[in-house]
Amino acid sequence: MEASAPGRARRGWRRARAAGSPLSRAAVVLVVSALVLWAPPSVKVYVMLHQKSPHVLCVTQLRNSELVDPSFQWHGPKGKIISENSTAQITSTGSLVFQNFEESMSGVYTCFLEYKPTVEEVIKNLQLKYVVYAYREPHYYYQFTARYHAAPCNSIYNISFEKKLLQILSKLVLDLSCEVSLLKSECHRVKMQRAGLQNELFFTFSVSSLDTEKGPKPCADHSCESSKRLSKAKNLIERFFNQQVEVLGRRAEPLPEIYYIEGTLQMVWINRCFPGYGMNILKHPRCPECCVICSPGSYNSRDGIHCLQCNSSLVFGAKACL
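Residues numbered from 1 in each chain as written. Predicted model: local features only at pLDDT ≥ 70, side-chain atom pairs only at ≥ 80, totals over all residues. Heavy atoms only, no water.

By the naming in an unreviewed UniProt entry, the chain goes by Zona pellucida binding protein and is assigned to Bos mutus grunniens.

In structure tokens:
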């Protein structure tokens, strides 16, 4: 009976090995002298927007080894070879450094390294992949709501008062490099408990830091961090509304037509990412509180915190489904 194909192959291999055929010796030499190609899993690197990056190492796995005649070549997103320019630099040891990282520079970067372990050995190849993400600090701000007894809702006095109130609040926090923004202003007629109708103004405004990645910092002192200045601004605003209650309490004359309603000031701390960025502690455990640029196939959600899947989005930092 004719032997099966695997059986024939095994007997052929034994015959070749016993005969010491030139083919088998060549195969052994080829295995020993073959170029070694090693591609470990991609490493995630995070670079703050508009800032200089850390050194992205091409010899991470071999940094403690001696390399003979090393040669480095970096390929960026879409496989383009990276050459030194105003935004990227390749050091003599093959490290990649970004000088002013932009959103569009996010993507997959691959370093191809050729080297000899010793002078006598053959050239080996090493391939390292990095996924480089732009990130921003979260957009922190306080959101306040307050209610005022008001003039009739169609009265021009309400509009004038709104502008004056915004000017006063803005001036309060100006020295802290913070700004006040009016988010919403509405006038409603409210039926009071065991009383008649009255007109009320409902204000919603935010207090945020004026810091930007590109702009100069207000100061370098630790006490001038954005969160600390925002906390001081919050305290000033709360004191301002408390003082209004105290002044009205000491007033002997009838109450003015427009005045703050005691106890209506409410405040919440908002922590959101800018459009095109999101937080994901599972995907980015090394940068859990960073607003990392949304990967291709995702976009910034309405809550301002997460990146949601969107298969029609093919770029980093998408702000909506295409």
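(A) Broad picture of the overall build of the chain. When you go through the chain residue by residue, the secondary structure sums to four helices and 16 strands. Burial statistics for the chain: of 322 residues in total, 35% are counted as buried. Summarising the internal contacts of the chain: among those between residues at least 6 apart in sequence, 62% fall at separations of at least 24. Element-wise, carbon and sulfur atoms account for 56% of the exposed surface of the chain, whose accessible area totals about 20,000 Å². (Helix = DSSP H or I, 4+ residues; strand = E, 2+ residues; numbered from the N terminus. Buried < 20%, exposed > 50% of the residue type's maximum accessible area, 1.4 Å probe, protein only. Contact = heavy atoms within 4.5 Å. Areas by Shrake-Rupley, 256 points an atom, 1.4 Å probe, with all protein chains shown as cover.)

(B) Spotlight on helix α3 (residues 156-173). Between its first and last C-alpha, α3 extends 27 Å over 18 residues, near the 26 Å set by a 1.5 Å rise per residue. Buried residues along α3 sit against β8 (139-149), β9 (178-191), β10 (197-209) and α4 (226-249). (Expected span 1.5 Å × (residues − 1).)

(C) Spatial organisation of the pattern of salt bridges. One pass over the full model with this rule turns up two salt bridges. Between R147 and E200 there is a salt bridge; the shortest N-O distance is 2.7 Å. Highlighted residues: R147 in strand β8 and E200 in strand β10, separated in sequence by 53 residues. A relative accessible area of 29% means that R147 is categorised as partly exposed. A salt bridge links E238 to K234, with the shortest nitrogen-to-oxygen separation between them at 3.6 Å. Here K234 and E238 lie together in helix α4, a separation of four residues that amounts to about one turn. Exposure remark for K234: the relative accessible area of 14% places this residue in the buried category. (Salt bridge = Lys/Arg side-chain N within 4 Å of Asp/Glu carboxyl O.)

(D) Just the packing of aromatic side chains, in detail. This structure, assessed with the given rule, holds 16 aromatic pairs. Plain terms: the ring middles of Y142 and F144 are 6.4 Å apart, the flat faces sit at 45° to each other, and that makes the pair tilted. Accessibility expressed as a relative area gives 10% for Y142, which makes it buried. Relative accessible area serves as the criterion here: at 0%, F144 is assigned to the buried category. Through a chain of ring-to-ring contacts, three or more aromatic side chains come together here, namely Y140, Y142, F144, Y148, F161, F203, F205, F240, F241, Y260 and W269. Over the ring of Y277 we find R136, and its NZ or CZ is 5.5 Å from the ring centre. (Phe/Tyr/Trp six-rings, centres within 6.5 Å; stacked < 30°, edge-to-face > 60°. Lys NZ or Arg CZ within 6 Å of the ring centre and 35° of its normal.)

(E) Quick look at the layout of surface pockets. There is about 450 Å³ of room inside the second largest pocket. Forming the boundary of the second largest pocket are 20 residues, of which P77, S104, M105, S106 and Y109 lie nearest the centre. (1 Å grid on protein atoms, 1.4 Å probe; cavity = no way out; pocket = protein on both sides within 12 Å on 5 of 7 lines; lining within 4 Å. Points joined across faces, edges and corners; volume = space filled by probe spheres on them.)

(F) Representation of a nonpolar patch on the surface. A cluster of nonpolar side chains, I156, Y157 and I159, forms an exposed patch at the surface whose accessible area comes to about 360 Å². Position of Y157 among the secondary structure elements: in helix α3. According to the relative accessible area criterion, Y157 is exposed, its value standing at 57%. (Patch = residues over 30% accessible without salt bridge, like charges linked within 9 Å, V, L, I, M, F, W, Y side chains within 5 Å.)

(G) Structural view of the nonpolar core. W74, L96, F98, Y109 and V132 are the most contacted members of the largest nonpolar core, which has 35 residues in total. Put simply, the parts of the chain that give this core at least two residues each are β2 (43-48), β5 (96-98), β6 (107-116), β7 (124-136) and β14 (291-293). With eight residues, the top contributor of residues to this core is β7. What V132 contacts, discounting residues up to four positions off in sequence, is V45, V47, F98, F101, S106, G107 and Y109. Grouped together as the second largest cluster of nonpolar side chains are 23 residues, Y148, V173, L230 and F241 included. (Core = buried A, V, L, I, M, F, W, Y, C linked by side-chain atoms within 4.5 Å.)

(H) Inspection of α4 at higher detail. If you check α4, its first and last C-alpha atoms are 35 Å apart, about what 24 residues at 1.5 Å a residue would give, namely 34 Å. Of the positions making up α4, those classed as buried are R229, L230, A233, K234, I237, F240, F241 and Q244. The secondary structure elements touched by the buried residues of α4 are β8, α3, β9, β10, β11 (259-260) and β12 (266-272).

(I) Focus on the confidence of the model for the chain. Across the chain, the average pLDDT comes to 80, with 77% of residues at or above 70. Within the model, pLDDT remains below 50 along residues 1-39, and this stretch shows 20 contacts once partners closer than five positions in the same chain are excluded. (pLDDT = per-residue confidence, 0-100.)

(J) Local environment of unusual backbone geometry. The phi dihedral of D69 is positive, around 50°, even though this residue is not glycine. Here D69 lies in strand β3 (residues 68-75). In this structure, S177 takes a positive phi of about 55° despite not being glycine. Among the structural elements, S177 can be located in the loop between α3 and β9.

(K) Structural view of the pairing of β9. The pairing of β9 with β10 spans 13 bridges and is classified as antiparallel. Pairing of S185 across the sheet is with F203, part of β10. Between the end of β9 and the start of β10, which pair antiparallel, lie five residues, with R194 showing a positive phi angle near 55°. (Pairing = 2+ DSSP bridges.)

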